[in-house]
Amino acid sequence: MSEVISIANQKGGVGKTTTAVNLAASLAERGKRVILLDIDPQSNATTSLGYARGDYEYNIYHVLIGSKKLSEVILDTEVENLSLAPSNIGLVGIEKEFYNPKKRNRELVLKEKIEEISDRYDYIIIDSPPALGPITINALSASDSVIIPIQCEFFALEGLAQLLNTVSLIKKTINPKLKIKGFLPTMYSKQNNLSKQVLADLTHHFKDKLFHKKKGKECIVIPRNVKVAESPSFGKPVIAYAAKSKGSHAYRDLAVAIMKG
Ligand code: ATP
Ligand code: MG
């Protein structure tokens, strides 16, 4: 059976897509069979893996409304072992469908679709949009765990209580197995005191929920790294674009930590 991991934070621009793409690619590089589900209408994960809008006919929207099977929209990527279920701006339409209170089990639509393909993959990574709306609720309801990227900047922890409440509500009501896999500090700058402060706060509040290279050793942080920022414009994960960059090393460390469980 596969492990389903959502990358979620309703704050915008904290590194969700970057983490989803690069964690997925790093797990695939280790020989795991991985699929990345892009369920954000912005489609940044799809673009980051080299697909432009006109390159594919069907996307996750068609799956969620039931007109295509998930297996029918899956695309290969340039990364061996890594597949992609693409998104498209048309996915905004699903919000209306999912808000319809008459629709039964509307939180569980994505979960049902994932079940159909789960035996083909070791990891299913979900990139969710910057909102706590029905799309993210579907992602959390379908997941074994969630990784929460935290940008090491001012306001980093703002909104976190609301996200944690949502996770615990979903755990209580819809998906008892949902766990917080961990908090991932992103865009960390050594030179920046604010970065250090955010990391210190995270360590203080959530020490057991940070990822570690080795038990007891320093925690994994994703550095602010220009190669990480550039790679989507080349349609590649950073490990393919700049294999030896600091960003690549950090995402590889994260993949290893995830594989250790
Ligand atoms: P949204 O909420 O809009 O979906 P997001 O949380 O998915 O955003 P990203 O798109 O991953 O965030 O990142 C936001 C911006 O920060 C992007 O331009 C991305 O290239 C850049 N970025 C992310 N991580 C890093 C990093 N480690 N180093 C440098 N730039 C980064
Ligand atoms: Mg994103």
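Along each chain, numbering runs from 1 in the same order as the chain's sequence is written. Each chain gets a letter, beginning with A, and each ligand a number, beginning with 1, in the order they are written. In view of the model being predicted, local features appear only for residues whose pLDDT reaches at least 70, and side-chain atom pairs are presented and counted only at 80 or more, with totals across whole chains, interfaces and linings using the full set of residues. Note that the side-chain values use all heavy atoms of the structure and ignore hydrogens as well as water.

Asker: Now, about the packing of helix α1 (residues 16-29) against helix α12 (residues 246-260): what can you tell me, with residues and values included?
Answerer: Fitted lines through C-alpha atoms serve as axes, helices being fitted only where they are in contact, and the angles separating the N-to-C directions of these axes extend from 0 to 180 degrees. Numbered from the N terminus, helices here are DSSP runs of H or I no shorter than four residues, and strands are runs of E no shorter than two. Between α1 and α12, the least distance of the axes is 8 Å, while the angle of their chain directions is 70°. Relative to α12, the element α1 lies roughly perpendicular. Between α1 and α12 lies a crossing whose hand is right-handed. In this structure, α1 contributes T18, T19, N22, L23, S26, L27 and E29 to the contact, and α12 contributes Y251, R252, L254, A255, I258 and M259. In this scheme, roughly parallel covers angles under 35 degrees and roughly antiparallel covers those over 145, while 65 to 115 is roughly perpendicular and the rest are oblique. Here a crossing is called left-handed whenever its near helix is offset anticlockwise from the far helix by less than a right angle, and right-handed whenever the offset is clockwise. Contacts between residues were defined by any pair of non-hydrogen atoms, one from each residue, lying within 4.5 Å.

Asker: Account for a nonpolar patch on the surface, with residues named and values stated.
Answerer: A grouping of F154, F155 and L194 is seen on the molecular surface, where their side chains present a nonpolar patch of about 330 Å² in accessible area. By secondary structure assignment, the location of F155 is in the loop between β6 (145-151) and α8 (160-173). Relative accessibility decides the category of a residue: with a 1.4 Å probe and only protein chains considered, values under 20% of the type maximum give buried, values over 50% give exposed, and everything between is partly exposed. Taking relative accessible area as the criterion, F155 reaches 49% and is therefore assigned partly exposed. Residues forming no salt bridge and having over 30% relative accessible area are the ones grouped into patches, like charges within 9 Å of each other and nonpolar side chains (Val, Leu, Ile, Met, Phe, Trp, Tyr) within 5 Å. Using a 1.4 Å probe, accessible areas were evaluated by the Shrake-Rupley method; residue-level cover was limited to the displayed protein chains. We count a salt bridge whenever a side-chain nitrogen from Lys or Arg sits within 4 Å of a carboxyl oxygen from Asp or Glu.

Asker: Any details on the nonpolar core? Residues and values, ideally.
Answerer: Residues belong to a common nonpolar core when they are buried Ala, Val, Leu, Ile, Met, Phe, Trp, Tyr or Cys residues joined through side-chain atoms within 4.5 Å. Grouped together as the largest cluster of nonpolar side chains are 33 residues, with contacts concentrated most on L23, L36, L82, I125 and I258. Only β1 (3-7), α1, β2 (34-38), β4 (82-85), β5 (123-127) and α12 provide two or more residues apiece to this core. Counting residues per element, this core draws most heavily on α1, at 7 residues. Excluding its chain neighbours within four sequence positions, the residues that come into contact with L23 are I7, I125, I147, Y251, L254, A255 and I258. Within the second largest apolar cluster, 24 residues are counted, among which are L70, I94, I114 and A142.

Asker: Would you mind going over α12 in detail, with residue names and values included?
Answerer: Expected span of a helix, by definition, is 1.5 Å for each gap between consecutive residues, and there is one gap fewer than residues. End to end, α12 covers 21 Å across 15 residues, agreeing with the expected 21 Å (1.5 Å per residue, within 8%). Of the residues making up α12, those classed as buried are G247, S248, A250, Y251, R252, L254, A255, A257 and I258. Directly beyond the C-terminal end of α12, a positive phi value near 90° is found at G261.

Asker: Tell me about the environment of F154, and please be specific about residues and values.
Answerer: Mapped onto the fold, F154 is located in the loop between β6 and α8. Overall, the relative accessible area of 59% leaves F154 in the exposed class. A sequence separation of 43 residues divides F154 from Q197, and the C-alpha atoms of the two residues are 9.3 Å apart.

Asker: Before we move on, can you summarise the sheet that holds β1 with the specific residues and values?
Answerer: DSSP calls a pair of strands paired once it identifies at least 2 bridges connecting them. Spatial ordering of the open sheet is given by β3-β4-β2-β5-β1-β6-β7, a layout of 7 strands whose pairing is mixed. The open sheet is flanked by β3 (75-76) and β7 (179-186), the only strands paired with a single partner. With 3 bridges connecting them, β1 and β6 associate as parallel partners. Within β6, the residue paired with I7 across the bridge is I147. The sheet strands contacting α12 are β1, β5, β6 and β7, and the helix crosses β7 at an angle near 165°.

Asker: Outline the environment of P223, supporting the account with residue identities and numerical values.
Answerer: Along the chain, P223 falls in the loop between α9 (193-206) and α10 (226-230). For the pair formed by P223 and Y188, sequence separation is 35 residues and the distance between their alpha carbons is 4.4 Å. With sequence-adjacent residues up to four places away left out, P223 is seen in contact with M187, Y188, K246, G247 and A250.

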